[in-house]
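Residues per chain are reported as follows:
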Amino acid sequence: MGHFIDEKRLKVIGGKGGDGCVSFRREKFIPFGGPDGGHGGDGGNVILVTKDNLHALSTLRGKVKFTAGNGEPGKGSNCTGAKGGDIIIEVPVGTQVKDEDTGFILTDLTVKGQEFIAARGGKGGAGNLVFKNSVNQAPRTAIPGEEGQERNLVLELKLIADVGLVGYPNAGKSTLISKISNAHPEVAAYPFTTLTPSLGVVNLSQWDFFVMADIPGIIVGAHEGKGLGFKFLRHIERTQVLLYLIDCFEEDWNEVFKALKKELKLFNPLLAQKTFVVGINKIDSYLSEDFEERKKAFLKKTRLKENKNVFFISGLKELGLDELKEKLFMIVKEEKKNKDSDQTVLS
Ligand SMILES: Nc1nc2c(ncn2[C@@H]2O[C@H](COP(=O)(O)OP(=O)(O)OP(=O)(O)O)[C@@H](O)[C@H]2O)c(=O)[nH]1
Ligand SMILES: [Mg+2]
């Protein structure tokens, strides 16, 4: 499968808890001071936290073992030892955390700023103060700190698509994604080459990127199961933006555009309402003189605007792709901002 999956194995170890202290009050005029040994401090935790400007686990390159700080031992005068320092590991949104030894999925980190304690620090041990009772006024026992939790983890990045590619079979979806992203799905001159969705990261700069989903082509009647059906449309239900890709050799671009929208609507009306961009593709090999005319007619009929929501491109020959990428990135950013503010209002 062409899924973009990024994996990383880590060992995480919580800090050891500090030992409890055995100590007695020693003050002038108090000959037999009672126990005053403080508790050990708790060990530090190893914490995973999601950051939204990361998009690969490779940022953790090289490091495979993370150990949090140990708690300090308790001291006399009933002083609790200091807590051990936490270790924070930043991971991309979409990281799934699995316990390598048990195979259990521990968590799916799907929103930014989400935290997960990957290895808990050991509890600090109790000081001798707590062992005092009517029988034993001078206990010489304290509890040692607990060991920190130790786990072998497998982190797996499951990307969440920002832009979904929608088009008839052979429109050039897989070619396009393979030119602008790190995904390399199979490309071929026959319909339904793509059978499973795949995701690719489209980079604009080191920090600016979005994730694009290539899905199988859909055809008229997909909602009735024609072609490959349209169940795979669920992979683009959560995307911010759709890119309708239309082969410029299609007779009527507007008919194709309308037909695609209709199929989407029949699957889920919300899909058809998503912000979109249209790409008229394969312009490198369209040699008829009627191109400008067809372009004008399409823009007029759809009331769309060139370089705003319609791009005339060639995925194969890489024509017009920078402008398209730029636009998609801007829309994704804008849509995410709106979504964030929606969430703020709700909470
Ligand atoms: N001339 C030209 N041909 C292209 C372009 N993009 C794709 N093709 C060709 O069109 C055919 C289909 O390309 P794919 O990228 O596999 O199309 P797809 O939309 O992913 O097809 P399915 O996976 O079957 O839905 C291949 O023969 C490509 O070489 C383009 O920009 N210009
Ligand atoms: Mg394909």
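Source: prediction; values computed, not measured. (Residues numbered from 1 in each chain as written. Chains lettered and ligands numbered in written order. Predicted model: local features only at pLDDT ≥ 70, side-chain atom pairs only at ≥ 80, totals over all residues. Heavy atoms only, no water.)

### Some details on the coordination of the magnesium ion (ligand 2)
Here is step 1 of the chain: All of the protein donors around the magnesium ion (ligand 2) are Ser174 (OG) and Thr194 (OG1); their distances to the metal are 1.9 to 2.1 Å. Of the two residues, serine 174 sits in helix α1 (residues 173–180) while threonine 194 sits in the loop between α1 and β10 (198–203), which places them 20 residues apart along the sequence. Threonine 194 carries the same exposure label as serine 174, and that label is buried. (Donors = N, O, S within 2.8 Å, 3.2 Å for Na, K, Ca; no water. Helix = DSSP H or I, 4+ residues; strand = E, 2+ residues; numbered from the N terminus. Buried < 20%, exposed > 50% of the residue type's maximum accessible area, 1.4 Å probe, protein only.)

### Let's talk about the layout of surface pockets
Gaps left between atoms show up when a probe the size of a water molecule is rolled over them.
Here is step 1 of the chain: Taken as a whole, the largest pocket spans an internal volume of roughly 890 Å³.
Here is step 2 of the chain: Mapped by element, the contributors of at least two residues to the lining of the largest pocket are β11 (209–214) and α5 (321–346).
Here is step 3 of the chain: The element that contributes the greatest number of residues to the lining of the largest pocket is α5, accounting for eight residues.
Here is step 4 of the chain: Here the residues of the lining of the largest pocket sort into 13 nonpolar, five polar and 11 charged.
Here is step 5 of the chain: Each of domain 1 (5–158) and domain 2 (163–346) gives at least three residues to the lining of the largest pocket. (1 Å grid on protein atoms, 1.4 Å probe; cavity = no way out; pocket = protein on both sides within 12 Å on 5 of 7 lines; lining within 4 Å. Points joined across faces, edges and corners; volume = space filled by probe spheres on them. Nonpolar A, V, L, I, M, F, W, Y, C, P; charged D, E, K, R; others polar. Domains from an automatic or database assignment.)

### Description of the domain arrangement of the protein
Here is step 1 of the chain: Partitioning the protein into domains gives domain 1 (5–158) and domain 2 (163–346).
Here is step 2 of the chain: In this structure, domain 1 and domain 2 have C-alpha centres spaced 48 Å apart.
Here is step 3 of the chain: The interface is formed by five residues belonging to domain 1 together with six residues belonging to domain 2.
Here is step 4 of the chain: Considering only the side of domain 1, the residues that lose the most area to domain 2 are Asn53, His55 and Lys112, jointly responsible for 80% of the buried surface there.
Here is step 5 of the chain: For the pair domain 1 and domain 2, the interface holds zero salt bridges.
Here is step 6 of the chain: For the pair domain 1 and domain 2, the interface holds zero residue pairs in polar contact (both at pLDDT 80 or more).
Here is step 7 of the chain: Looking at the side of domain 1 that touches domain 2, its residues break down into one nonpolar, two polar and two charged. (Contact = heavy atoms within 4.5 Å. Buried area = accessible area lost by both parts, 1.4 Å probe. Salt bridge = Lys/Arg side-chain N within 4 Å of Asp/Glu carboxyl O. Polar contact = N/O pair within 3.5 Å; in protein donor to acceptor, adjacent residues only side chain to side chain.)

### Details of the pattern of salt bridges
Here is step 1 of the chain: Using the criterion set out here, one finds 14 salt bridges in the structure.
Here is step 2 of the chain: A salt bridge links aspartate 162 to lysine 336; its shortest N-O distance comes to 3.1 Å. Placement of the pair is aspartate 162 in the loop between β8 (150–158) and β9 (163–167) and lysine 336 in helix α5, with a sequence separation of 174 residues.
Here is step 3 of the chain: Taking the relative accessible area as the measure of exposure, aspartate 162 reaches 5% and is therefore buried.
Here is step 4 of the chain: Residue classification places lysine 336 among the partly exposed residues on the basis of a relative accessible area of 37%.
Here is step 5 of the chain: Between lysine 295 and glutamate 306 there is a salt bridge, with the nearest N and O atoms lying 3.2 Å from each other. Remark: glutamate 306 occurs in the loop between α4 (291–302) and β14 (310–312) and lysine 295 occurs in helix α4; sequence separation between them is 11 residues.
Here is step 6 of the chain: On the basis of relative accessibility, which here comes to 11%, the residue lysine 295 falls in the buried class.
Here is step 7 of the chain: Connected through salt bridges with shared partners, the residues Glu7, Arg9 and Glu100 form a single ionic network.

### What about the packing of aromatic side chains?
Here is step 1 of the chain: Scanning the model with the defined rule gives 10 aromatic pairs in all.
Here is step 2 of the chain: Taken together, a centroid distance of 5.3 Å and an interplanar angle of 85° make the contact between tyrosine 244 and phenylalanine 257 edge-to-face. Of the two residues, tyrosine 244 sits in strand β12 (residues 241–247) while phenylalanine 257 sits in helix α2 (residues 253–267), which places them 13 residues apart along the sequence. For the pair tyrosine 244 and phenylalanine 257, one class covers both residues: buried. (Phe/Tyr/Trp six-rings, centres within 6.5 Å; stacked < 30°, edge-to-face > 60°.)

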